[in-house]
Amino acid sequence: MGLLRTDRLLLRHWDESDVAAFFDLYSRDEVTRWLGAHPRRPLATMADAQQRLGRWREHERGLSAPLGLWAIVPCAAGAPPGPPAGTLLLLPLSDDSGPTGLVEVGWHLHPQHQGQGLATEAAGAILALAGEAGLDQVLAITDVDNGASQRVAARLGMTDEGVTERWFGLTARQYRKVLSPP
C-alpha cells in the first residue's frame, strides 16, 4: 500500500519482497553509523535483514498512518517504481520515563541516493500529511556529527534546539517543527 507520491517518490510500506534492498541499505556502515544506540552495527546477513524487517513490519501494525517506517521508492514519471532507496520514519518517541506524546521524523538513504534532495522531499511530504492528520509538532533527532541530516532538518524549516541526552541513551542534536493545522 502506498502512503503518498511526490514528484519523484513513492512512500509505501516495506514489504517482505524488499529484503534485498533493505539489506543493501542497512548493511552499510556509512548508513548505520548514524542510527540508534551504541554499538552501531550494520546488518551482517540476509537472515538478520529478514528478522529486522519482520520486527519493523510487526511494529508498524500498531500504528495509524501517517505514522510508520516508510520505504522511499524513487519513481520517474511514466516508469514503474524501482526498489526502495531508503526509509522515512514517523514514529512516537519514548524516553526513560516512557511514551512522551512526541513524534520523531527521520530519514535513512542509500549512499547512491544521498545528496539529491530525496530525504527533504520525502520528509516534507510526510510532514504535510502529519499536519493534516492533526499532529501539531515533530522532532528530528540527529547524531551530533551528522551534518547531512542536520542540513535536511534545516531545509525542512526545523528549529535547532541544541544538544540533548534525552533520547535513546545518546548525545544527539534535536530539531523541532511546529506543523500548521489544515
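Residues numbered from 1 in each chain as written. Predicted model: local features only at pLDDT ≥ 70, side-chain atom pairs only at ≥ 80, totals over all residues. Heavy atoms only, no water.

**Student:** Is there a simple way to think about the nonpolar core in this case?
**Tutor:** Across soluble globular proteins, nonpolar side chains have a tendency to be buried as a group. Counting residues in hydrophobic clusters, the biggest one holds 28 residues, and the most contacted among them are Leu11, Leu88, Val105, Trp107, Ile126, Val138 and Met158. Of all elements in the fold, only strand E1 (2-5), strand E2 (9-13), strand E3 (68-74), strand E4 (86-95), strand E5 (98-109), helix H4 (118-132), strand E6 (137-143) and helix H5 (147-155) reach the threshold of two or more residues within this core. The greatest single-element share of this core, amounting to 8 residues, is contributed by H4. Of all hydrophobic cores here, the second largest spans 19 residues; its members include Leu10, Val19, Ala71 and Val73. (Core = buried A, V, L, I, M, F, W, Y, C linked by side-chain atoms within 4.5 Å. Buried < 20%, exposed > 50% of the residue type's maximum accessible area, 1.4 Å probe, protein only. Helix = DSSP H or I, 4+ residues; strand = E, 2+ residues; numbered from the N terminus.)

**Student:** Sorry if this is basic, but what is going on with unusual backbone geometry here?
**Tutor:** Glycine aside, the phi torsion of most residues is negative, and most peptide linkages are trans. Put simply, Ala65 and Pro66 share a cis peptide bond, and its omega is 15°. By secondary structure assignment, the location of Pro66 is in the loop between helix H3 (46-60) and E3. Although it is not a glycine, Phe168 sits at a positive phi angle of roughly 60°.

**Student:** Looking at this structure, how should I read the confidence of the model for the protein?
**Tutor:** Predicted coordinates in regions of low pLDDT should not be interpreted in detail. With 98% of its residues at a pLDDT of at least 70, the protein reaches an overall mean of 92. Element-level mean pLDDT values for the protein span from 78 in E1 up to 98 in strand E7 (residues 159-164). (pLDDT = per-residue confidence, 0-100.)

**Student:** Explanation requested: the layout of surface pockets in the structure shown.
**Tutor:** Here the idea is plain: a probe the size of a water molecule rolls over the atoms and shows the empty space left. By volume, the largest pocket is sized at about 1,200 Å³. Every residue lining the largest pocket is counted, 48 residues in all, and those nearest its centre are Trp34, Leu35, Leu89, Trp107 and His108. Residue assignment for the lining of the largest pocket shows that the elements contributing at least two residues are helix H2 (29-32), H3, E4, E5, H4, E6 and H5. It is E5 that provides the largest number of residues to the lining of the largest pocket, a total of 6 residues. A per-class count over the lining of the largest pocket returns 24 nonpolar, 14 polar and 10 charged. (1 Å grid on protein atoms, 1.4 Å probe; cavity = no way out; pocket = protein on both sides within 12 Å on 5 of 7 lines; lining within 4 Å. Points joined across faces, edges and corners; volume = space filled by probe spheres on them. Nonpolar A, V, L, I, M, F, W, Y, C, P; charged D, E, K, R; others polar.)

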